[in-house]
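# Structural overview for review
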Amino acid sequence: MSKSVEQIHFEKHTVVTVFGASGDLAKKKTFPALFGLFREGYLDPTTKIIGYARSDLSVDDLKTRIKPHLKKLHGDDDNIKIEQFFNMLTYISGPYDTEDGYNKLRNECETFEKKNNINQPHRLFYLALPPSVFLSVAKQIKSFVYAENGITRVIVEKPFGHDLKSARQLQNDLSPLFREDEIYRIDHYLGKEMVKNLLPLRFGNKIINSSWNKNCIQSIQISFKEPFGTEGRGGYFDNIGIIRDVMQNHLFQVLTLLTMERPVSFDAEAVRDEKVKVLQSMAPIDFNNIVIGQYGKSEDGSKPAYLDDETVTPGSKCITFAAMTFHIKNERWDGVPIIMRAGKALNDGKVEIRVQYKSVATGAFNNIPNNELVIRVQPNEAVYMKFNSKVPGLSNETQVTELDLTYSKRYQDFWIPEAYEALIRDALLGDHSNFVRDDELDVSWGLFTPLLEYLEGPDAPQPEIYPYGSRGPKQLGEYLKKNKYEMTESGYTWPVTSPNSTD
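Scope of this entry: the structure provided in the associated data block. Just so we're clear, the structure is a prediction, and the values are computed from it rather than from any experiment. (Residues numbered from 1 in each chain as written. Predicted model: local features only at pLDDT ≥ 70, side-chain atom pairs only at ≥ 80, totals over all residues. Heavy atoms only, no water.)

With that out of the way, let us pick up the overall build of the protein. Within the protein, the secondary structure is distributed over 16 helices and 15 strands. The C-alpha radius of gyration computed for the protein amounts to 25 Å, which stays within 12% of the reference 23 Å derived for 503 residues, consistent with globular compactness. By principal-axis analysis of the C-alpha atoms, the protein measures approximately 80 × 60 × 50 Å. In the protein, buried positions account for 52% of the 503 residues. For the protein, the proportion of contacts with a sequence separation of at least 24, taken over those separated by at least 6, is 77%. Of the roughly 23700 Å² of accessible surface on the protein, a fraction of 49% belongs to carbon and sulfur atoms. Distance between charge centroids for the protein: 2 Å, based on 61 positive and 68 negative side chains. (Helix = DSSP H or I, 4+ residues; strand = E, 2+ residues; numbered from the N terminus. Rg over C-alpha atoms; globule rule 2.2 N^0.38 Å. Buried < 20%, exposed > 50% of the residue type's maximum accessible area, 1.4 Å probe, protein only. Contact = heavy atoms within 4.5 Å. Areas by Shrake-Rupley, 256 points an atom, 1.4 Å probe, with all protein chains shown as cover. Lys, Arg positive; Asp, Glu negative; His and termini not counted. Charge placed at Lys NZ, Arg CZ, Asp CG, Glu CD.)

Within the largest apolar cluster, 144 residues are counted, with the highest numbers of intra-cluster contacts made by Phe19, Phe31, Leu105, Ile243, Met247, Met324 and Phe326. Per element, the largest residue contribution to this core is 10 residues, and it comes from helix α11 (residues 241-259). With near-sequence residues (within four places) excluded, Leu105 lies in contact with Thr17, Phe19, Ile50, Tyr52, Ile92, Phe125 and Val145. (Core = buried A, V, L, I, M, F, W, Y, C linked by side-chain atoms within 4.5 Å.)

This brings us to the pairing of strand β6 (residues 183-186). Residues Ile183 and Arg185 line one face of β6 and the alternating positions Tyr184 and Ile186 line the opposite face, and both faces are buried. The pairing of strand β5 (residues 151-157) with β6 spans 4 bridges and is classified as parallel. The residue bridging Glu157 from the neighbouring strand is Ile186, located in β6. After leaving β5, the chain enters helix α6 (residues 164-174) and then returns to the sheet as β6, a path that is right-handed. (Pairing = 2+ DSSP bridges. Right-handed = clockwise from strand over helix to strand, strands pointing away.)

What follows covers the sheet that holds β6. Spatially, the 6 strands line up as an open sheet ordered β3-β2-β1-β4-β5-β6, and their pairing is parallel. Only two strands of the sheet have a single partner each, and these edge strands are β3 (89-93) and β6. Averaged over neighbouring strand pairs, the angle between their axes works out to 20 degrees when direction is ignored. Across 5 bridges, the pairing between strand β2 (residues 48-53) and β3 is parallel. When the sheet's bridge partners are listed, Ala53 is paired in β3 with Ser93. Relative to the sheet, helix α2 (residues 59-66) contacts β2 and β3, its axis offset from that of β3 by approximately 115 degrees. (Axes fitted to C-alpha atoms, helices over the stretch in contact; angles between N-to-C directions.)

Here we take up the packing of α11 against helix α15 (residues 438-456). Where α11 contacts α15, the two axes come as close as 11 Å, and the packing angle between them is 145 degrees. Handedness of the α11/α15 crossing: right-handed. Along its contact with α11, which presents Ile243, Arg244, Met247, Gln248, Phe252 and Gln253, the element α15 presents Glu440, Leu441, Ser444, Trp445, Leu447, Phe448, Leu451, Leu452, Leu455 and Glu456. (Left-handed = near helix turned anticlockwise from the far one by under 90°.)

Further remarks concern the pattern of salt bridges. Under the definition given, this model contains 28 salt bridges. Here Asp442 makes a salt bridge to Arg168, at a shortest N to O gap of 2.7 Å. Placement of Asp442 in helix α15 and of Arg168 in helix α6 is noted, with a sequence separation of 274 residues between them. For Arg168, a relative accessible area of 42% translates into the label partly exposed. What emerges from the salt-bridge pattern is a single network uniting Asp348, Lys350, Glu352, Arg354, Glu372 and Lys386. (Salt bridge = Lys/Arg side-chain N within 4 Å of Asp/Glu carboxyl O.)

Take helix α14 (residues 419-428) next. The buried count for α14 comes to 10 of 10 residues, which makes it a mostly enclosed element. Along α14, the residues that are buried comprise Ala419, Tyr420, Glu421, Ala422, Leu423, Ile424, Arg425, Asp426, Ala427 and Leu428. Of the surrounding secondary structure, the elements contacted by the buried residues of α14 are β1 (15-19), α1 (24-39), β4 (122-127), β5, β6 and α7 (193-196). Phi for Gly430, located one or two positions after α14, is positive at around 75 degrees.

Inspection of the secondary structure puts Lys192 in the loop between β6 and α7. For the buried Lys192, no salt bridge is present, and the opposite-charge side chain at shortest range is Glu418, 6.5 Å distant. Leave out the neighbours within four places in its chain, and Lys192 touches Val377, Gln378 and Ala419.

Before going further, it helps to spend a moment on the environment of Met340. Relative to the helices and strands, Met340 resides in strand β10 (residues 338-343). Met340 sits in the buried class, given a relative accessible area of 0%. Between the C-alpha atoms of Met340 and Leu251, which are 89 residues apart in sequence, the distance is 7.4 Å.

With that settled, the discussion passes to the side chain of Asp426. Tracing the sequence through the fold places Asp426 in helix α14. Among the residues examined, Asp426 registers a relative accessible area of 10% and is labelled buried. If near-sequence neighbours (up to four positions away) are discounted, Asp426 is found in contact with Lys196, Asp431, Asn434 and Phe435.

What follows deals with the sheet that holds strand β7 (residues 217-225). Strand order in the open sheet formed by 9 strands is β14-β13-β12-β11-β7-β10-β9-β8-β15, with mixed pairing between adjacent strands. Since the sheet does not close on itself, it has two edges, and those belong to β14 (398-406) and β15 (464-467), each with one partner. Averaged over all neighbouring strand pairs, the angle between strand axes comes to 20 degrees, with direction disregarded. Sheet topology note: the strand β9 (residues 321-326)/β10 ladder contains 6 bridges and is antiparallel. Bridge assignment links Phe326 to a residue of β10, and that residue is Ile338. In the packing of α11 onto the sheet, contacts are made with β7, β9, β10 and β11 (350-357), and the angle to β10 comes to roughly 150 degrees. Docked against the sheet, α15 engages β8 (290-296) and β9, running at close to 50 degrees with respect to β8.

Listed below in structure tokens is the structure:
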């Protein structure tokens, strides 16, 4: 799809440094995102991209690692784009905790800026690094390559701490180095197209916004399902668990966007102010209203149990499935359960939001299914409303059908950016709207840390074992019902073409 000149905002002669350039995250996400922006005209060709890592690589070695992950959308033209992109790329090998490599990096930045007569440098540092080296790198950036007379922006990857104490320690360590407006805590879910669509969907549509409250909505469900287990990464996951992996961060960000009040403007701080306000209205998580599980072998024995992974601690109680319910104590949401559930080794792979409306008043249609607004974040982005309609013909029978906005059908000629593409673009433009603020992080960890301490303490409950490839723990269905999510007994089918046909 072509773009007008007004749509393109070039940031000329920016220096982008990717720390951890030889790692999987940089190879699979960061560099492909930078290329995607360049391919579509949203990263100026005057940009300098520097890969930095401890690995002893040549720049050609780095290019070889990156190239298989660069997406081609425009045929042979992309081969030319790849070569142009690689001409923007260089590589520096150096340690993370001493000045040796940083002197090389500073010289690379200053030589480039001097050559292009840049008096106010714009430097973006992407930390695709494990938490163990993050602070060392941050200190060296501040000491050696901070743009004193220009703009410095630092993108930080999760995890932002392990609990409330460690998150606060990280904040205390960072605050002397960078201002809050220079830090971009990246949660890639905030860059996903359907997550970015939540605010326009809610506040840009009177028909939805007027019913977005306790008077009309019965429950909200945010679910994350993966069809695979830890697959050899159990040693890492054993210290993380599903709650830290996707719930305290990704799904919780979705929850705040679903429940926050309308911001006074599109200003980043106005948006983030409202997110913090709704977080501060949340009741503590009820330990007696949760479901926890760990996957076992598949029913046919073909898939291994979590504990079969040799890298997992024997007898581990690590949680691979969790469901919990949040309650917001404010005028809009009081009494509406907001269910969050996530799990590995399930029967499907998807992330979706289900907003279930209350049933109709007692009378002629008192047994009719509840309306639902479903927002599918991935895969195959879609928004559809499940509603009741008469079956065509002489019968008075009704069926559940939908008003459907499936992106692959409606937006066939649109380039929809990947999450990392959208967020790196935001950081280049200095837009914090889709990044996590320090006080937001503090309130979030304050809610989850007591639960984590309970689940990981000496008297931790035993997670229910569920079969690999199932829907999760057996008690899940009863749990959803207890928290006001009504399952449609007959199931949901897409529209039929005649009364006798089936989907």
